[in-house]
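Results of the structural survey
Chain by chain, the residues run as shown.
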Amino acid sequence: MDRIRIIGGNELKGVIPISGAKNAALPLMIASLMTSDTLTLENVPHLADVEQLIRILGNHGVDISVNGRRERQDEGYSRTVHFTCRTIVDTTAPYELVSKMRASFWVIGPLLAREGHARVSLPGGCAIGTRPVDLFIEGLTALGATMEIDGGYINATAPKGGLIGARYTFPKVSVGATHVMLMAGALARGTTVIGNAAREPEVVDLANCLNAMGAKISGAGTSTITIEGVTSLSGARHRVLPDRIETGTYAMAVAMTGGDVTLEGTDAALLETALEAIRRSGAEITSTPTGIRVVRNGGVIKPVDIVTDPFPGFPTDLQAQFMALMTRSSGVSHITETIFENRFMHVQELARLGAKISLNGQTAKIEGVQRLRGAPVMATDLRASVSLVIAGLAAEGETMVSRVYHLDRGFERLEEKLNRCGAVVERVSD
Ligand code: UD1
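Residues numbered from 1 in each chain as written. Predicted model: local features only at pLDDT ≥ 70, side-chain atom pairs only at ≥ 80, totals over all residues. Heavy atoms only, no water.

Some remarks on the overall build of the chain
Defined as follows: Labels follow the DSSP assignment, with helices taken as runs of H or I lasting at least four residues and strands as runs of E lasting at least two, numbered in each case from the N terminus. C-alpha atoms define the radius of gyration in this analysis, and the globule rule sets the expected value at 2.2 Å times the number of residues to the power 0.38. Partly exposed describes any residue whose relative accessible area lies between the buried limit of under 20% and the exposed limit of over 50%, with all areas from a 1.4 Å probe on protein chains only and scaled to the type maximum. It only takes one pair of heavy atoms within 4.5 Å for two residues to be counted as in contact. All accessible-area figures derive from a Shrake-Rupley calculation using a 1.4 Å probe, and residue coverage is judged against the displayed protein chains alone. Positive charges are assigned to Lys and Arg, negative charges to Asp and Glu, while His and the chain termini are left out of the count. For charged residues, the charge sits on one atom: NZ in Lys, CZ in Arg, CG in Asp, CD in Glu.
Scanning the chain from terminus to terminus reveals 14 helices and 24 strands. Relative to a compact globule of 430 residues, whose C-alpha radius of gyration would be 22 Å, the chain shows 21 Å and is just as compact. Principal axes of the C-alpha set define a box for the chain whose edges measure 65 × 50 × 40 Å. Put simply, the chain has 430 residues, and 56% of those count as buried. Considering only contacts in the chain between residues 6 or more positions apart, those separated by 24 or more positions represent 75%. Of the roughly 16100 Å² of accessible surface on the chain, 48% is carried by carbon and sulfur atoms. Computed over 43 positive and 45 negative side-chain charges, the inter-centroid distance for the chain is 2 Å.

Shown next, in the form of structure tokens:
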């Protein structure tokens, strides 16, 4: 198993190209199941989760071809991928494939909408909480589907003639369940109105792509989304939006190590709340014509309290990274996690580097320390693993992060991007 070795202490200086968003690419790829024409996605990141979803889509009959090698060093790395699903050859998404990544469960929406039935294994993914599927079941039931759990699978069946548009309000905001309702409602008969919908930029990206394919969706980005069902969708060409979590992660790395880095090909509007928290910690952040610039020249890191919330709140996917930043602050800060109940597994690993953090329920109290010292640490989930990398960059000496397969699920060419800015990060294969 690969590990990542970091020699900390260097400031970061230079340019980091931001990849296409993993969390946007996954639902967009799944939308290719909804048409027999070709869906072309540009700016698809090259990540383990994307490769895993390619395998899953292939199993349903999606033909996939990849092109677009990067020609210049300073260009982004992401690729253009063509997805064509002439016919759906299998409506079962098996345990062996779905258990590796929660988002693959979302194929249930298109399979049900296009074929009238689907058998999908209950999902797996990061061990950051129980992550049930009750909202998917309730939402699709509202569209007339019969949903039965049988031997670890959900058997979903649409009424004769297909799903029927309906009004459904989520009792809790869910990104994935909103994606699925968009895809199911797009091919349902009549109008679907989703209340308390997720407002994440990735939901807007999916709605834009579905509309380019011929869907009639309005209100994405607000908490009420209206979908006029259509009988079929066509192909389209769509560019995956920039990864706001990758953007925030590197911004926090610079805020922690100090330095001056331009994040290319991203957009501050995707993560204003997180950028504001980083600014309050003492870094300067400005928008450039093609991205954002993050600068911290000396000065202390100020303590900042945050609470995670659905968009436009502070993203739970940046909570661990922000905690890493706060371990070096000049005072006491508090971080409250409201989305996932078990998302503090990085705390004990950060402590191995010398951080002082105590937990009280869903709130972590972080007492800033003068210095962190490198140590062996273990990645526990995707976002937690990158928080250890950030902390390692700011620690004295060597930090060795094991279980880096978590990182490879969501961060494209992390070592290369950081090393180009003066960091010393190396992948070590056992
Ligand atoms: C997506 C993101 C993930 C991010 C999360 C929250 C992708 C691929 N993943 O995950 O990176 O951390 O949004 O921003 O886009 N819930 C239920 N019942 C359900 C579904 C969800 O109770 O049926 C709960 C979850 O346990 C969690 C909360 O709702 O507590 C939010 O989860 P959700 O927004 O669904 O997360 P994902 O879509 O899985």
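More follows now that the structure is in view.
Examining the domain arrangement of the chain
The condition that has to hold: Note that the domain bounds were set by an automatic or database domain assignment.
Parsing the chain into structural domains produces domain 1 (2-18 + 242-429) and domain 2 (22-239). Put simply, the middle of domain 1 and the middle of domain 2, counted by C-alpha atoms, are 30 Å apart.

Here's the deal with the site of the ligand
The criterion, for reference: Any residue with at least one heavy atom within 4 Å of a molecule or strand is counted as near it. Two N or O atoms form a polar contact when they lie within 3.5 Å of each other; inside protein one atom must be a possible hydrogen donor and the other a possible acceptor, and for residues adjacent in sequence the pair counts only when both atoms belong to side chains. All amino acids are sorted into three groups, where Ala, Val, Leu, Ile, Met, Phe, Trp, Tyr, Cys and Pro are nonpolar, Asp, Glu, Lys and Arg are charged, and the leftover types, Gly among them, are polar.
Asp134, Ser174, Val175, Asp317 and Ile339 are the nearest of the 19 residues found near the ligand. Measuring from an oxygen atom of the ligand, one finds a side-chain N or O atom of aspartate 317 at 2.6 Å. Residue isoleucine 339 places a main-chain N or O atom 2.6 Å away from an oxygen atom belonging to the ligand. Here the ligand has 750 Å² of accessible area as a free molecule, and 91% of this is covered by the chains. Looking at the shell around the ligand, the elements that each hand over two or more residues are α5 (134-142) and α6 (175-186). Sort the elements by how many residues they give to the shell around the ligand and α5 lands first, with 3 residues. Of the residues that constitute the shell around the ligand, the class distribution is 9 nonpolar, 4 polar and 6 charged. In this structure, the shell around the ligand is formed jointly by two domains, domain 1 (2-18 + 242-429) and domain 2 (22-239), each of which donates at least three residues.

Digging into the nonpolar core
Threshold: To qualify as a nonpolar core, a set must consist of buried Ala, Val, Leu, Ile, Met, Phe, Trp, Tyr and Cys residues joined through side-chain atoms within 4.5 Å.
In this structure, Ile108, Leu182, Leu210 and Phe322 are the most contacted members of the largest nonpolar core, which totals 147 residues. Shared between two domains, this core takes at least three residues from each, and those domains are domain 1 (2-18 + 242-429) and domain 2 (22-239). Excluding its chain neighbours within four sequence positions, the residues that come into contact with isoleucine 108 are Ala118, Val120, Leu140, Met147, Ile154, Ala156 and Val180.

Points about the sheet that holds strand β7 (residues 117-121)
The criterion, for reference: Strand pairing requires that DSSP identify at least two bridges connecting the strands. What counts as an axis is a line fitted to C-alpha atoms, over the stretch in contact for a helix, and the angles between N-to-C directions run from 0 to 180 degrees.
Strand order in the open sheet formed by 4 strands is β6-β7-β9-β8, with mixed pairing between adjacent strands. Among the strands making up the open sheet, the edge pair consists of β6 (92-93) and β8 (146-150). Here β8 pairs with strand β9 (residues 153-157) via 5 bridges, running antiparallel. Bridge assignment links threonine 146 to a residue of β9, and that residue is threonine 157. Contacts from helix α4 (residues 108-115) reach β7, β8 and β9, with the element oriented near 160 degrees to β7. Taken strand by strand, α5 contacts β8 and β9, and its axis lies near 145 degrees from that of β8.

Points about the pattern of salt bridges
The criterion, for reference: The rule for a salt bridge is simple: a side-chain nitrogen of Lys or Arg has to be within 4 Å of a carboxyl oxygen of Asp or Glu.
Tallied over the entire structure, the rule returns 22 salt bridges. Between arginine 373 and glutamate 396 there is a salt bridge, and its shortest N-O distance comes to 3.2 Å. One end of the pair, arginine 373, is in the loop between β21 (363-367) and β22 (376-378); the other, glutamate 396, is in the loop between α12 (382-394) and β23 (398-402), with 23 residues separating them in the sequence. Measuring nitrogen to oxygen at the nearest pair gives 2.8 Å for the salt bridge that ties arginine 427 to aspartate 408.

Regarding unusual backbone geometry
Here the amide bond leading from phenylalanine 311 into proline 312 is cis, since omega sits at 10 degrees, within 30 degrees of zero. In this fold, proline 312 is placed in the loop between β18 (306-307) and α10 (319-326). Not every positive phi belongs to a glycine, and asparagine 196 is a case in point at roughly 55 degrees. Positionally, asparagine 196 belongs in the loop between β11 (191-195) and α7 (201-212). Of note, the phi angle at arginine 403 is positive, near 60 degrees, even though the residue is not glycine. Following the sequence through the fold, arginine 403 ends up in the loop between β23 and α13 (405-408). Judged by its relative accessible area of 35%, arginine 403 is partly exposed.

Considering the side chain of asparagine 155
In this structure, asparagine 155 sits in strand β9. One polar contact links asparagine 155 to arginine 119, side chain to side chain, over a distance of 3.0 Å. Of the polar contacts made by the side chain of asparagine 155, one reaches the side chain of aspartate 150; its length is 3.5 Å.

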